[in-house]
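Spelled out, the chains give:
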Amino acid sequence: MSVRQAPSLPIPNRKSTMAQQPETRISATTPRLDVAHLAKTYGSGEKSHTVIEDLTFTVDAGEVVCIVGPSGVGKTTLLKCLAGLHPASSGRAAIDGRTISGPPPEMALVFQDYNRSLMPWLTVRKNLILPLRHLKLPAAELKERCDSALAAVGLSHAHNQYPWQLSGGMQQRVAIARALAYRPEILIMDEPFASVDAQTRFDLEDLCLKIRKDFNMTILVVTHDIDEAVYLADRVVVLGSRPARVLKVVDVDLPAPRDQITTRSLPEFARQRTEVLSLIKRPA
Ligand SMILES: Nc1ncnc2c1ncn2[C@@H]1O[C@H](COP(=O)(O)OP(=O)(O)OP(=O)(O)O)[C@@H](O)[C@H]1O
């Protein structure tokens, strides 16, 4: 299931979204994102349904981590827990050591369905501004944030157009620009490139790597595409079902910068995609 996301993730007061843990100190070894024994059960009593049983993995600052796993395993559920949209049933997810208990202000989300996440009656610029309104930024800063986010995705020229005047790939770029205009430190993406054609998908994957490099952003991507996961990631978290658990965290040891043709033709690329694929295909 993909999340049908409202256009904006509210950025609440940082204090209100993080469980207060005065004893927690950020050290060089504290992961940016820490998922520890996370479990999620929907419903209660006889109708309860455990989707995630015991997930543990970390994401370090500036890393790109991809999550792959069979359909229905609970990937979107995991992202909803990380985004503070669902409480974990047990275990915890934390940012810089602080337990996530609501939408974290340093996080932005991008989902697959740009058709439903962009407001068709608003121009591109107004789509970017809408989720920022509650920040009450000066007009000059709003403009600067929009201009630089649109420049980062190569859409400066489209700021006055409406989403329906743009191609699917351009609309997904707008969705990414809207996330960038938040100035998030952590970007979470749920099958972000699943609705575009193959060429656009390659372009958007490279945009994702550029964003990581330019903004030193920490990025977590759920994808069904194993080649995409290996191409993008520093590490791939392979989930098994059911309930969801981590089968293996695969370190992707491919040289940087990555390139759609050169990287994908490396023997190491083929070896790593085979490793991930065989983990997913392995009988449970
Ligand atoms: N709000 C909810 N209430 C009850 N069950 C839910 C809810 N959201 C998801 N589920 C169930 O949790 C399970 C995992 O769903 P989820 O969307 O997290 O999987 P997924 O791995 O993202 O799937 P896909 O790869 O097909 O998008 C499914 O059985 C789904 O029906």
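Look up a bit, the structure's there.
Residues numbered from 1 in each chain as written. Predicted model: local features only at pLDDT ≥ 70, side-chain atom pairs only at ≥ 80, totals over all residues. Heavy atoms only, no water.

Residue-level account of the overall build of the chain, with values.
Check the secondary structure of the chain and you find nine helices and 10 strands. When contacts within the chain are restricted to residue pairs at least 6 apart in sequence, those whose partners lie at least 24 apart make up 73%. Total accessible area on the chain is roughly 13100 Å²; 53% of this is exposed by carbon and sulfur atoms. (Helix = DSSP H or I, 4+ residues; strand = E, 2+ residues; numbered from the N terminus. Contact = heavy atoms within 4.5 Å. Areas by Shrake-Rupley, 256 points an atom, 1.4 Å probe, with all protein chains shown as cover.)

A description of the environment of Leu166 should follow, citing residues and the corresponding values.
Looking at where Leu166 falls in the secondary structure, it is placed in the loop between helix H5 (139-152) and helix H6 (168-181). Taking the relative accessible area as the measure of exposure, Leu166 reaches 7% and is therefore buried. Along the backbone, Leu166 and Val124 are 42 residues apart, and their C-alpha atoms lie at a distance of 9.7 Å. Leu166 has contacts with Val124, Ala158, Gln161, Gln171 and Val174, leaving out every residue within four places of it along the chain. (Buried < 20%, exposed > 50% of the residue type's maximum accessible area, 1.4 Å probe, protein only.)

Outline helix H9 (residues 267-281), listing residues and values.
The terminal C-alpha atoms of H9, which comprises 15 residues, lie 21 Å apart, in line with the 21 Å expected from a rise of 1.5 Å per residue. All of the buried residues along H9 are Phe269, Gln272, Glu275, Val276 and Leu279. Buried residues of H9 fall within an arc of 130 degrees about the axis and therefore sit on the same side. Opposite the packed face of H9, turned more than 90 degrees from it, sit the exposed residues Pro267 and Lys281. (Expected span 1.5 Å × (residues − 1). Arc of directions from axis to C-beta.)

Report on the pattern of salt bridges, specifying residues and quantitative values.
Here the structure, examined in full by the defined rule, presents 18 salt bridges. In this structure, Arg32 engages Asp96 in a salt bridge whose closest nitrogen and oxygen atoms are separated by 2.8 Å. Highlighted residues: Arg32 in the loop between helix H1 (14-17) and strand E1 (33-42) and Asp96 in the loop between strand E4 (90-95) and strand E5 (98-99), separated in sequence by 64 residues. Among the residues examined, Asp96 registers a relative accessible area of 11% and is labelled buried. Linking Arg201 and Glu205 is a salt bridge whose minimum nitrogen-to-oxygen distance equals 3.9 Å. Here Glu205 and Arg201 lie together in helix H7 (residues 198-215), a separation of four residues that amounts to about one turn. (Salt bridge = Lys/Arg side-chain N within 4 Å of Asp/Glu carboxyl O.)

Give me the lowdown on the environment of Ile186, citing residues and values where you can.
Tracing the sequence through the fold places Ile186 in strand E7 (residues 186-190). For the pair formed by Ile186 and Leu33, sequence separation is 153 residues and the distance between their alpha carbons is 8.9 Å. Once residues lying within four places of it in the same chain are set aside, the contact partners of Ile186 are Arg32, Ile95, Glu106, Met107, Ala108, Met217 and Thr218.

Any chance you could break down unusual backbone geometry for me, citing the residues and the numbers?
Ala256 connects to Pro257 through a cis peptide bond whose omega is -5 degrees. Looking at the element boundaries, Pro257 is found in the loop between strand E10 (244-251) and H9. At Asp96, a residue that is not glycine, the phi angle is positive and equals roughly 50 degrees. For Lys136, which is not glycine, the phi dihedral falls at a positive 50 degrees. Along the chain, Lys136 falls in the loop between helix H4 (124-129) and H5. You can call Lys136 exposed: its relative accessible area is 71%.

Such coordinate-based values are descriptive only and should not be taken to indicate function.
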